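For reference, the chains in residue letters:
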Amino acid sequence: MTRVWNPGGPGGRAAVTPHTALLLRGLSVLEQQDPVLADLLDDELAEQSWTLAMVASASIAAPAVLAAAAAVLSNLTVEGYPGARYHPGSRHFDKVERLAEVRARAVFGAQYANVQPHSCSSANLAVLSSLLPPGGVLLGLGLDAGGHLTHGSSASVTGHHYRAVGYGVDEDGWIDYDGAHRLAREHRPGVIVAGASAYPRQIDFARFREIADDVGAYLLADISHIAGLVAAQEHPSPVDLAHVTTTSTYKQLGGPRGGLVLIGAEHRTPGPDGRTTLADLVARGVFPRTQGTPNPAAVAAKAGAFGLLGGDAARLTARRTVENARAVAEGLRGLGHRLLTGGTDNHMVVVDLRPSGVSGLVAERALEECGILANRNRIPGDTRPPMVTSGLRLGTNSLAQRGMGPAEMARCVALVDRVLTGVVSLDDTAYTLDPHLRRAVRAEVRELCAGFPLPGYPIPPLPTGPEVPQ
Ligand code: DSN
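Cut-offs and rules
- Residues numbered from 1 in each chain as written.
- Predicted model: local features only at pLDDT ≥ 70, side-chain atom pairs only at ≥ 80, totals over all residues.
- Heavy atoms only, no water.
- Helix = DSSP H or I, 4+ residues; strand = E, 2+ residues; numbered from the N terminus.
- Rg over C-alpha atoms; globule rule 2.2 N^0.38 Å.
- Buried < 20%, exposed > 50% of the residue type's maximum accessible area, 1.4 Å probe, protein only.
- Contact = heavy atoms within 4.5 Å.
- Areas by Shrake-Rupley, 256 points an atom, 1.4 Å probe, with all protein chains shown as cover.
- Lys, Arg positive; Asp, Glu negative; His and termini not counted.
- Charge placed at Lys NZ, Arg CZ, Asp CG, Glu CD.
- Pairing = 2+ DSSP bridges.
- Core = buried A, V, L, I, M, F, W, Y, C linked by side-chain atoms within 4.5 Å.
- Expected span 1.5 Å × (residues − 1).
- Arc of directions from axis to C-beta.
- Axes fitted to C-alpha atoms, helices over the stretch in contact; angles between N-to-C directions.
- Salt bridge = Lys/Arg side-chain N within 4 Å of Asp/Glu carboxyl O.
- Patch = residues over 30% accessible without salt bridge, like charges linked within 9 Å, V, L, I, M, F, W, Y side chains within 5 Å.
- Near = heavy atom within 4 Å.
- Polar contact = N/O pair within 3.5 Å; in protein donor to acceptor, adjacent residues only side chain to side chain.
- Parallel < 35°, antiparallel > 145°, perpendicular 65-115°, else oblique.
- Left-handed = near helix turned anticlockwise from the far one by under 90°.
- Nonpolar A, V, L, I, M, F, W, Y, C, P; charged D, E, K, R; others polar.
- Phe/Tyr/Trp six-rings, centres within 6.5 Å; stacked < 30°, edge-to-face > 60°.
- Lys NZ or Arg CZ within 6 Å of the ring centre and 35° of its normal.

1. With respect to the overall build of the protein chain
The helix and strand inventory of the protein chain stands at 16 helices and 17 strands. Its C-alpha atoms give the protein chain a radius of gyration of 23 Å, near enough to 23 Å, the size a compact globule of 470 residues would have. For the C-alpha atoms alone, the extent of the protein chain along its principal axes is close to 70 × 60 × 35 Å. In the protein chain, which comprises 470 residues, the proportion classed as buried is 53%. In the protein chain, once contacts between residues fewer than 6 apart in sequence are set aside, the share between residues at least 24 apart is 71%. Approximately 20,300 Å² of the protein chain is accessible, and the part contributed by carbon and sulfur atoms is 54%. For the protein chain, the distance from the average position of its 42 positive side-chain charges to the average position of its 45 negative side-chain charges is 6 Å.

In structure tokens:
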């Protein structure tokens, strides 16, 4: 196809492709015709640029990935898979979807990739519904121990459709593999989930596979939080160990909101019926069992994000992510904070706030006032309700992507500590924070942000809104 479109007609200045022109026009019309929405989007860009995002389940999408997510492909309705659709008009999207699959397989060394899930929650539902009949036994890490809703929590459909059993962590926060094995022998699960939302250590996928084999279960590895580290070989990969692996594409992959299913060595292994391969089961599990039409623009953005993952820059970012998390853990521990497991092997640090008496909610809000984002998190044995909690989860994905290293982590740790030790809790939800402290921390946050802009993003003016989030 013609790569360069000449909007000025013959002799005019060759500028951009027609699709680029479309997106530029859309953005310009948005600004003119809907300034309310356009301003909100600008506010968000300023917020992200001038705050330290230490939310462990977030990463920064490259501008090209954001643009692909806005692609004209959004206009399509094309159920099914490349070459086997239920609607006409998919010939270009078929190539896009295949490109995303090829890149995903290459990045993770997988034999099969399904790029259609709208999220990792959807991916998990698709896989579980393929491998486990209603009422079947599901063994996953308990929510309070750091597991995810879709690993069998009673708050999720997975805790209702299946007989969910939760394994846990020991009192220092380490996964209790022996306990998981005992539970597997006792309850004979059809599926075991290895994966976590709040676990700061490497997961021993080989050990989980041994447990699964011992009881004849399928092993599902959910690597949503560590997918970028797995892709960069900074964390052992489960792709050939687990029967099926799932991940979200935005938590650590710098992709769009979405999910991905991968299968390695087991792609031809039969499912519970003894005939249908796991790859075929997963394909049917995603469409038509749990989803209709995919989001074609998101699939394009996944292709773009996967294309950025194989190179040296991504490997460097992953290594820096781990080094930074270690620096955060050592810094906080040195200042007397209690950390689950005492440290970290991945991108995440989980602080047990109980010794300080500050709740997770108060910590999260006080930090946000100062321009630092980190979320409250339940910790094992937590007696506070889920909206309050006694823990704080910090992550280094976004800071590493901005180019910050251990020296900057030392400054971040000092800022976090100033807020956590300076906030005065009135109860689990109310607190006061000295405005001088808030201004001083905010000023240093902004100085750090100014030195390390979001990669590839323009630097917006400082936000002008109220000083304290409303
Ligand atoms: N699972 C949630 C988290 O880890 O923050 C978000 O998807």
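2. Let's talk about the environment of Ala126
With respect to the secondary-structure elements, Ala126 resides in helix α5 (residues 120–131). For Ala126, a relative accessible area of 1% puts it in the buried group. Here the alpha-carbon distance between Ala126 and Leu281, two residues 155 residues apart in the chain, equals 9.1 Å.

3. As for unusual backbone geometry
Following Phe287, the chain continues to Pro288 via a peptide bond in cis, the omega torsion being 10 degrees. One non-glycine residue with positive phi stands out, namely Gln233, at about 60 degrees. With respect to the helices and strands, the residue Gln233 is situated in the loop between α9 (227–231) and β9 (244–248). Gln233 sits in the exposed class, given a relative accessible area of 72%. For Thr341, which is not glycine, the phi torsion reads 65 degrees and is therefore positive.

4. Focus: the pairing of β9
In terms of residue burial, β9 counts as a mostly covered element, since five of its five residues are buried. Bridge count between strand β8 (residues 218–222) and β9: three bridges; the pairing is parallel. By the bridge assignment, Asp222 is partnered in β9 with Thr246. In this structure, β9 lies alongside strand β10 (residues 259–263), joined through four bridges in antiparallel fashion. Looking across to β10, one finds that Thr245 is bridged to Leu262.

5. Considering the nonpolar core
Ranked by size, the top nonpolar core spans 61 residues in total, and within it Phe108, Ile192, Ile203 and Phe208 carry the most contacts. Per element, the largest residue contribution to this core is seven residues, and it comes from helix α11 (residues 296–307). Core analysis: the next-biggest nonpolar cluster, separate from the first, contains 39 residues, Leu339, Ala366, Leu367 and Ala374 among them.

6. Examining helix α4 (residues 91–108)
Compared with an ideal rise of 1.5 Å per residue, which puts 18 residues at 26 Å, α4 spans 26 Å between its outermost C-alpha atoms and is within 8% of the ideal. Residues of α4 that are buried: Phe93, Asp94, Val96, Glu97, Ala100, Glu101, Ala104, Val107 and Phe108. Seen from one end, α4 has its buried residues packed into an arc of 165 degrees, which puts them on one side. Facing away from the buried side of α4, by more than 90 degrees, are the exposed residues Arg91, His92, Lys95 and Ala106. At its buried positions, α4 is contacted by β2 (80–81), β3 (84–85), β4 (112–114), α9, β10 and α11. One or two steps after α4, the chain reaches Gly109, where phi turns positive at roughly 60 degrees.

7. Overview of the sheet that holds β4
Taken together, the seven strands give an open sheet; going across it, the order is β4-β10-β9-β8-β7-β5-β6, and neighbouring strands pair in mixed fashion. Taken across any chain shown, the strands that pair with only one partner, and hence form the sheet edges, are β4 and β6 (163–167). On average, each strand axis in the sheet is tilted by 20 degrees relative to the strand beside it, whichever way the strands run. Most of the contacts of α5 go to β9, to which it runs at about 160 degrees, and overall it touches β5 (137–141), β7 (191–195), β8, β9 and β10.

8. Re the pattern of salt bridges
What the rule picks out here adds up to 18 salt bridges. Measuring nitrogen to oxygen at the nearest pair gives 2.7 Å for the salt bridge that ties Glu97 to Arg85. In this pair, Glu97 sits in helix α4 while Arg85 sits in strand β3, placing the two residues 12 residues apart along the sequence. Each member of the pair Glu97 and Arg85 is classed as buried.

9. Structural notes on a negative patch on the surface
On the surface, Glu31, Asp39, Asp42, Asp43, Glu44, Glu47 and Glu368 cluster together into a patch of negative charge. Structurally, Asp43 is set in helix α2 (residues 35–49).

10. Notes on the site of the ligand
Taken together, the neighbourhood of the ligand is formed by Ser57, His148, Ser197, His225, Tyr250, Lys251 and Arg393. Here a nitrogen atom of the ligand sits 3.5 Å away from a polar atom, N or O, in the side chain of His148. Measuring from an oxygen atom of the ligand, one finds a side-chain N or O atom of His225 at 2.8 Å.

11. Considerations on the packing of helix α7 (residues 177–187) against helix α8 (residues 205–215)
Viewed as axis vectors pointing N to C, α7 and α8 meet at an angle of 15 degrees, and their least axial separation amounts to 9 Å. Classified by the angle their axes make, α7 and α8 are roughly parallel. In this structure, α7 crosses over α8, and the sense of that crossing is right-handed. Within the contact between the two elements, α7 uses Tyr177, Asp178, Ala180, His181, Ala184 and Arg185 and α8 uses Arg207, Phe208, Ile211, Asp214 and Val215. Split into classes, the residues belonging to the contact of α7 with α8 amount to six nonpolar, one polar and four charged.

12. Quick word on the packing of aromatic side chains
Across all of its chains, the model carries four aromatic pairs by this definition. Measuring from ring centre to ring centre gives 5.7 Å for Tyr86 and Phe287, while their planes differ by 55 degrees; the resulting arrangement is tilted. Of the two residues, Tyr86 sits in the loop between β3 and α4 while Phe287 sits in helix α10 (residues 278–290), which places them 201 residues apart along the sequence. Here Phe287 falls in the buried class, since its relative accessible area comes to 9%. Ring pairs connect the aromatic residues Tyr81, Tyr86 and Phe287, which therefore count as one cluster. Positioned above the aromatic ring of Tyr250 is the side chain of Arg257, whose terminal nitrogen or guanidinium carbon lies 3.6 Å from the ring centre.

Nothing here speaks to function; it is geometry throughout.
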